[in-house]
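Architecture at a glance
Here's the letter readout for the chains.
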4 protein chains.
Amino acid sequence: MSSVFGKNITVTIFGQSHSKGIGVVIDNLPAGFSIDMEQLTAFMQRRSAIDKPLSTKRKEKDEIEFLSGLVGNTTCGAPICAIIYNKDINPEDYRSFKDIPRPSHADYTAHIKYKGFQDTSGGGHFSGRLTAPLCIAGGICLQILEKYGISIHAHIKKIYDTEDISFNPAEDNRENIEKLLNNDFPVIDKQKGILMQERIRTASQQNDSLGGIIECAVNNLPAGIGEPMFDGLENNISKAVFAIPAVKGIEFGNGFDCANLKGSENNDPFYIKDSKILTRTNNHGGILGGISSGMPLIFRVVVKPAPSIGIEQESVNMTNNNSEQIKVGGRHDACIVPRAVACVEAAAAIAILDMYASYRIWE
Amino acid sequence: MSSVFGKNITVTIFGQSHSKGIGVVIDNLPAGFSIDMEQLTAFMQRRSAIDKPLSTKRKEKDEIEFLSGLVGNTTCGAPICAIIYNKDINPEDYRSFKDIPRPSHADYTAHIKYKGFQDTSGGGHFSGRLTAPLCIAGGICLQILEKYGISIHAHIKKIYDTEDISFNPAEDNRENIEKLLNNDFPVIDKQKGILMQERIRTASQQNDSLGGIIECAVNNLPAGIGEPMFDGLENNISKAVFAIPAVKGIEFGNGFDCANLKGSENNDPFYIKDSKILTRTNNHGGILGGISSGMPLIFRVVVKPAPSIGIEQESVNMTNNNSEQIKVGGRHDACIVPRAVACVEAAAAIAILDMYASYRIWE
Amino acid sequence: MSSVFGKNITVTIFGQSHSKGIGVVIDNLPAGFSIDMEQLTAFMQRRSAIDKPLSTKRKEKDEIEFLSGLVGNTTCGAPICAIIYNKDINPEDYRSFKDIPRPSHADYTAHIKYKGFQDTSGGGHFSGRLTAPLCIAGGICLQILEKYGISIHAHIKKIYDTEDISFNPAEDNRENIEKLLNNDFPVIDKQKGILMQERIRTASQQNDSLGGIIECAVNNLPAGIGEPMFDGLENNISKAVFAIPAVKGIEFGNGFDCANLKGSENNDPFYIKDSKILTRTNNHGGILGGISSGMPLIFRVVVKPAPSIGIEQESVNMTNNNSEQIKVGGRHDACIVPRAVACVEAAAAIAILDMYASYRIWE
Amino acid sequence: MSSVFGKNITVTIFGQSHSKGIGVVIDNLPAGFSIDMEQLTAFMQRRSAIDKPLSTKRKEKDEIEFLSGLVGNTTCGAPICAIIYNKDINPEDYRSFKDIPRPSHADYTAHIKYKGFQDTSGGGHFSGRLTAPLCIAGGICLQILEKYGISIHAHIKKIYDTEDISFNPAEDNRENIEKLLNNDFPVIDKQKGILMQERIRTASQQNDSLGGIIECAVNNLPAGIGEPMFDGLENNISKAVFAIPAVKGIEFGNGFDCANLKGSENNDPFYIKDSKILTRTNNHGGILGGISSGMPLIFRVVVKPAPSIGIEQESVNMTNNNSEQIKVGGRHDACIVPRAVACVEAAAAIAILDMYASYRIWE
């Protein structure tokens, strides 16, 4: 079930970079929910490359066609199928990497797994383009969560050596989120965003690429969502987020930093505010025992530098085991982190709506 | 399905800290596999507290009783059920935290989720004790993987301010693993282990606790295992590993560090050695596009300091919303990291055997 | 996942006929539900052989030991594990069929599937004894359904040439159910029950066996439960009910008889009664499009004659492919239908509670 | 997961009768399999109505567009998405049944479940049209099974009072299948087919409808496929087959008839032929303990008369609870049984390929 996610809400993603179309089937959403199509389009544009000078030259308008699941714009209970036709197709794209795999790309592992039958055009099923259907599903889930008062916002925490300010884990960050939403570039501190864009431009000129860290906050998640053991919030958010190509790590709350603290420093004391139980700090990132505590759910993911770069690299010709030098031309991004921000929100939204559905069973 | 893991190999874990017993059901292992019971016992002892001066005073011999699934010690195809009777039971343990939740423990979230009906003795279903059945399942999966040539080894990478040397990601670390296996304390560099143990002892004397980082290597995993999207190795290993209480983050390969590198620095060039395709470096940690590359699979998890500490902390009485100060007495560990090492291997083994099973379908 | 059932409520069954124990893990029941242990024991006795002159001589008291999931008798949210120790064990039972498979038993297919490693004592994992844990899970699910007003009752519709009266599909059958509950032998018409028992006694004296048909009614199921396509009530009840050994068919409503009717005869007209929408007839058996209509859900299953008989039969020695004649001695039933009645209720209860849970998500 | 089927092979179906399109996503087929498109089209035509004087006037050519998963006609390992655009759309079709549900159709239950938001045009998600994507998936699975030597053939066993000859359960029925494949109307005995067609024509003239029984044989299935308990062949074939609208029952082997036999009559003796273990009779229908025995797998399903008929029937207006008389006009079939034959093969093929995949894991 490599392309199926979820127990209650089922999301099935399909498509390759240069196949006729890409898309998603979403099952078991509540009937009677009206999708705000403008909002969905705006969400999709945060992922797409159009008018973003820093990103890929491939021009896809990413118009969504709903084949099923809606009457007008309202869910009818049947599974939604939404597709995007690939228009700017070039089946020869990256074809040259069929035999000579790009370092740190999935070319090699796909070749082994699919015994040479994989679709090599444009990275096939492993292309970042597959995050478009992820964002369709995630964008709809975000709207449904919103209806229940739950919101999800991510920003670039870091690109190379430049860091944005962090969310304050112990509060709802209204001001920070407002700033974030007002910026075209998804950071809280506009100036840091300008610096990051410079870094990306320089990397692009050097035919090189950059990675970064994305931070995501889920606000207003009621306490009690998630399960112990294998179906905790951490388990399922991770399972969803690693579907985004290039993500190589995830941490919740203060994450890897908690290794540097003593229990007395890391523990988050409970207190009462407005007759609600809160924690003074939020090193636990809103999750205790896999279950939401009612505090903001905070996590960060690291995105590796895009492997496709124009600099000469060492590889191997798989047909004859000869050494080869390759340069990757084509329409790739020097930094996929800005576009991955919406993808992280999308993956989180899918995982959280699925767990929210579980939570409703015995409520 | 909070306590069920796996698509092909299904692992179902049950029990509470002070229930009559804890255990696991494992379904769809190959018939005809002879479990080496001595090896399994030795593996369990790496997790259990017996004779470990640094850890909990609770005395459980953790004797495994196999109720089903074996004829002699050999799998018969029917699901294995293995149980451990809880013997050193004290139902009153931690009962005092029924109303006043321990900071950063699951007491509060369990109370909300289960509406006050949760088993509060000893942390109930959220107790670290539930990692014993995880280790039974993992220990058996490790033996089966071994039969296919695949091995998994973890060590403590860091406790507080003390770091062990790392696995060399680009090779099989035979020497390091030998050192690791020769040490009682699961580190490669014995001296660092002695320092870590001192740190733990000091924390214990201060009634405080420490966290740390565990590094795990899977060697000899054939290329081609794992799926794109939602069923990649990262997705499923994460889903399994976050079942270990106190794990707050996971990273693969060079993980969060890759944000500091350019693509040209982070990419791992392919080359030929003994007519095998390898990578010169292994920043990708053996996984590209969710699929194994044949290089060692390397990941690290962070374990937070145990929340139960003897130092006074602020909390709230949930029955009347009054502020309270609590100290956690009882039989807790000052540092659960050493015992979590086997758990990380166990969780990884379950996830990898499940994906290895998927891989065999169309081989 | 041969022994795992359910999407929301997960039921995992384990054990072999002569293993140390058999049992079940049940996950995701609502916390705070008090199990009526007397009622559960009474339900189990309807399946067990004690004091039933017609059935197996194996004496098992089937005492349930709850290892986990309860505080007192109340669910605490953690998975329930309930086990029954096998006491009247005879590992040599049926051992002789290891090489010479009993006709129409699973001896042969188990041998092929598990490559000779299957547990052959007493039928191993294929023994009717495994319906005991099914009944534990089902008995608890029945109690939970009852709390929501939903009841499930089955009776023997037919044994060999003797038929009980049928449930009236279009009403709630209160009188019939009362009669049924007052009979020791699970039929509505006591006289027919006496005849059936005579038939069984005769078959037993002839060292032969009999099959039969069981009819089951689910009353008070609200309209709207079930899903179209693969997760309809028919799909999931079937999937559960075929877990009972010897079941070879299932039909809903008027079932196979509808092939003899025209649409105008088979369709069930809607009408209003007490401002509720009902159907005048109930050929549809309470299910339309996989979804409950609010009318009684009626289904029937056929149970084949037990394959273990004392009459000489032709078989083959699998070690040398020689023809062999075998007679099955041992402690088998001449007719398992009476004991299967509770099993059918149990399987239905598990499937229906699971779907009822799904239904609650967006209610 | 109402529209997702399968553990290893995942089939996700979407669409409504009059939505823009209908389709299916199929995941985890083996890479490198070349689909015979002509054969697939021929299979689809057995389901579709074109040129069948007896069936619906709706004209759909059912051209399949593959959006993903193929390179040329060869599977590339990525999920296949195949869609059919609905062309002969009439959103007003059956709209009149939005308020007044057709007796024995899913109009009423869909209204309750989806709270009035269901797509009412043409039966929405409950339309028989959704069996087209089922047949796409099934048609591809049939071709893959064929590659492994396994074949599946179904025929009409009965319509109203007219019966075709049955498959001989104990042999491979080569002659019967040849006759069947030579007939346009899917029966073995051509004369009986002519009679059946007459019956249908008469029913059609009377504005009435007829149901029937379909018999299906799976030949050459190796022994050892399927699992005990919940994942037996019976469980999973049933789960798949009840996805076909109007199926109300299923039986394996001699099915409900076994209730009339004694064990000594019903048991199938083993014998040796050409050093293979076979059974002399095949009342067990090729399945013992949920696992294939190597004998032909035989099952029968009953299809109820189509509920949409032109005869006046009693119903209720759901907006005001008034009694209403309705006649169903439109483009419905008088007998859907002939078209359902391919659907039964398709559902069986999906279930069996999924279980065949499980079987390969530890082979």
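Bear in mind the structure is a predicted one, so any value in this text is a computation, not a measurement. (Residues numbered from 1 in each chain as written. Chains lettered and ligands numbered in written order. Predicted model: local features only at pLDDT ≥ 70, side-chain atom pairs only at ≥ 80, totals over all residues. Heavy atoms only, no water.)

1. Points about the nonpolar core
- Core analysis: the biggest nonpolar cluster contains 343 residues, and F299(A), F299(B), F299(C) and F299(D) have the highest contact counts within it.
- Among residues more than four places away in sequence, those in contact with F299(C) are I214(C), E215(C), C216(C), I237(C), V241(C), I250(C), E251(C), F252(C), V344(C) and A348(C). (Core = buried A, V, L, I, M, F, W, Y, C linked by side-chain atoms within 4.5 Å. Buried < 20%, exposed > 50% of the residue type's maximum accessible area, 1.4 Å probe, protein only. Contact = heavy atoms within 4.5 Å.)

2. A look at the relation of the copies chain B and chain A
- The transformation that overlays chain B on chain A combines an axial shift of 0.0 Å with a rotation of 180 degrees, and the residual RMSD is 0.0 Å. Here the two chains are linked by the operation of a two-fold rotation axis.
- A shared binding surface is used by both copies, with 100% of the interface residues of chain B retained as interface residues in chain A. (Least-squares fit on C-alpha atoms with pLDDT ≥ 70 in both.)

3. What about the interface of chain B and chain A?
- The partner chain A presents 100 residues to the 100 residues of chain B that form the contact.
- Between chain B and chain A the total buried area reaches about 8,500 Å² when both faces are included, carbon and sulfur atoms providing 61% of it.
- When the buried surface of chain B facing chain A is broken down by residue, F230(B), K248(B) and F270(B) rank first, second and third, together holding 10% of it.
- Scanning the region where chain B abuts chain A turns up 10 salt bridges.
- For the salt bridge of E227(B) with K113(A), the shortest nitrogen-to-oxygen distance reads 3.4 Å.
- Linking chain B to chain A there are 49 residue pairs in polar contact (both at pLDDT 80 or more). (Buried area = accessible area lost by both parts, 1.4 Å probe. Salt bridge = Lys/Arg side-chain N within 4 Å of Asp/Glu carboxyl O. Polar contact = N/O pair within 3.5 Å; in protein donor to acceptor, adjacent residues only side chain to side chain.)

4. Observations concerning the side chain of Q16(D)
- For Q16(D), the location among the structural elements is in the loop between β2 (10-14) and β3 (21-27).
- Owing to a relative accessible area of 0%, Q16(D) belongs among the buried residues under this scheme. (Helix = DSSP H or I, 4+ residues; strand = E, 2+ residues; numbered from the N terminus.)

5. Side note on the environment of V316(B)
- Relative to the helices and strands, V316(B) is located in strand β17 (residues 313-317).
- What makes V316(B) buried here is its relative accessible area of 0%.
- Considered as a pair, V316(B) and P103(B) are 213 residues apart in the sequence and their alpha carbons are 9.4 Å apart.
- Residues in contact with V316(B), not counting those within four places in the same chain, are F270(A), Y271(A), I272(A), I277(A), D99(B), I100(B), P101(B), N321(B), N322(B) and E324(B).

6. Considering the interface of chain B and chain D
- Between chain B and chain D, the residue contacts involve 14 residues of the former and 14 residues of the latter.
- Summed over both partners, the interface of chain B with chain D buries about 1,300 Å², with 56% contributed by carbon and sulfur atoms.
- Counting across the interface, chain B meets chain D through 6 residue pairs in polar contact (both at pLDDT 80 or more).
- For the side of chain B that touches chain D, the residue count by class is 8 nonpolar, 2 polar and 4 charged. (Nonpolar A, V, L, I, M, F, W, Y, C, P; charged D, E, K, R; others polar.)

7. Quick notes on the pattern of salt bridges
- Under the definition given, this model contains 60 salt bridges over all chains.
- Note that E234(C) is salt-bridged to K248(D), the shortest N-O span being 3.1 Å. With E234(C) in helix α6 (residues 233-241) and K248(D) in strand β11 (residues 247-252), this residue pair bridges two chains. The pair E234(C) / K248(D) is uniform in exposure class, with both members buried.
- When the shortest N-O distance is used, the salt bridge between E163(D) and K157(D) registers 2.7 Å.
- For K157(D), a relative accessible area of 8% gives the class buried.
- Three or more residues are tied together by salt bridges with common partners; here these are R47(A), D62(A) and R129(A).

8. What about the packing of helix α6 (residues 233-241) of chain A against helix α6 (residues 233-241) of chain B?
- At a closest axis distance of 8 Å, the pairing of α6(A) and α6(B) adopts a crossing angle of 175 degrees. For the element pair α6(A) / α6(B), the angle class is roughly antiparallel. Mapping the contact onto sequence places N235(A), N236(A), S238(A) and K239(A) in α6(A) and N235(B), N236(B), S238(B) and K239(B) in α6(B).
- Here the residues of the contact of α6(A) with α6(B) sort into no nonpolar, 6 polar and 2 charged. (Axes fitted to C-alpha atoms, helices over the stretch in contact; angles between N-to-C directions. Parallel < 35°, antiparallel > 145°, perpendicular 65-115°, else oblique.)

9. Points about the pairing of strand β2 (residues 10-14) of chain B
All names here are of chain B.
- Within β2, 5 of the 5 residues are buried, which leaves the element mostly enclosed by the surrounding structure.
- The pairing of strand β1 (residues 4-5) with β2 spans 2 bridges and is classified as antiparallel. Bridging from a neighbouring strand, V4 pairs with T12 of β2.
- Remark: 4 residues form the turn of the hairpin made by β1 and β2, two consecutive strands paired antiparallel; G6 in that turn has positive phi of roughly 110 degrees.
- Linking β2 to strand β3 (residues 21-27), which pair antiparallel, is a turn of 6 residues; within it G15 sits at a positive phi near 120 degrees. (Pairing = 2+ DSSP bridges.)

10. So, the packing of aromatic side chains
- Applying the stated criterion across every chain, the model contains 34 aromatic pairs over all chains.
- An angle of 40 degrees between the planes, with centres 5.8 Å apart, marks the rings of F252(A) and F299(A) as tilted. Taken together, the residues F252(A) in strand β11 (residues 247-252) and F299(A) in strand β16 (residues 297-303) connect sequence positions 47 residues apart.
- Assessed through its relative accessible area of 0%, F252(A) is described here as buried.
- Since its relative accessible area comes to 0%, F299(A) is described here as buried.
- On the numbers, 6.5 Å between centres and 50 degrees between planes, the contact of Y114(D) with F126(D) is tilted. (Phe/Tyr/Trp six-rings, centres within 6.5 Å; stacked < 30°, edge-to-face > 60°.)

11. Structural notes on the sheet that holds strand β1 (residues 4-5) of chain A
Residue and element names in this part refer to chain A.
- Pairing in this open sheet of 5 strands is antiparallel, and the strands run β1-β2-β3-β7-β4 from one edge to the other. Each having just a single partner strand, β1 and β4 (64-68) make up the two edges of the open sheet.
- Each of β2 (10-15), β3 (21-27), β4 and β7 (80-85) touches helix α3 (residues 131-147); the most contacted strand, β3, lies at about 30 degrees to it.

12. Observations regarding the sheet that holds β3(D)
Residue and element names in this part refer to chain D.
- The 5 strands are arranged β1-β2-β3-β7-β4 in an open sheet whose pairing can be described as antiparallel. The sheet is open, and its two borders are formed by β1 (4-5) and β4 (64-68), each paired with just one other strand.
- Across 4 bridges, β4 lies against strand β7 (residues 80-85) in antiparallel orientation. By the bridge assignment, I64 is partnered in β7 with I84.

13. So, the pairing of β3(D)
All names here are of chain D.
- Among the 7 residues of β3, 7 are classified as buried, and the element is accordingly described as predominantly covered.
- Side chains G21, G23, V25 and D27 project from β3 onto one buried face, and the interleaved I22, V24 and I26 project onto a second face that is buried too.
- In the sheet, β2 pairs with β3 via 5 bridges, with the strands oriented antiparallel. Bridging across to β3, F14 finds its partner in G23.

14. Considering the relation of the copies chain B and chain D
- Take chain B, turn it by 180 degrees, move it 0.0 Å along the axis, and it overlays chain D with an RMSD of 0.0 Å.
- Mapped onto chain D, 100% of the interface residues of chain B again fall at the interface, so both copies present the same surface.

15. Here we look at the packing of helix α8 (residues 337-361) of chain A against helix α8 (residues 337-361) of chain C
- Their axes nearest at 8 Å, the elements α8(A) and α8(C) cross at an angle of 115 degrees. Looking at the two axes, α8(A) sits roughly perpendicular to α8(C). In this structure, α8(A) meets α8(C) at a crossing whose hand is right-handed. Across the interface between the two elements, A357(A), R360(A) and I361(A) from α8(A) touch A357(C), R360(C) and I361(C) from α8(C).
- Residues that form the contact of α8(A) with α8(C) fall into these classes: 4 nonpolar, no polar and 2 charged. (Left-handed = near helix turned anticlockwise from the far one by under 90°.)

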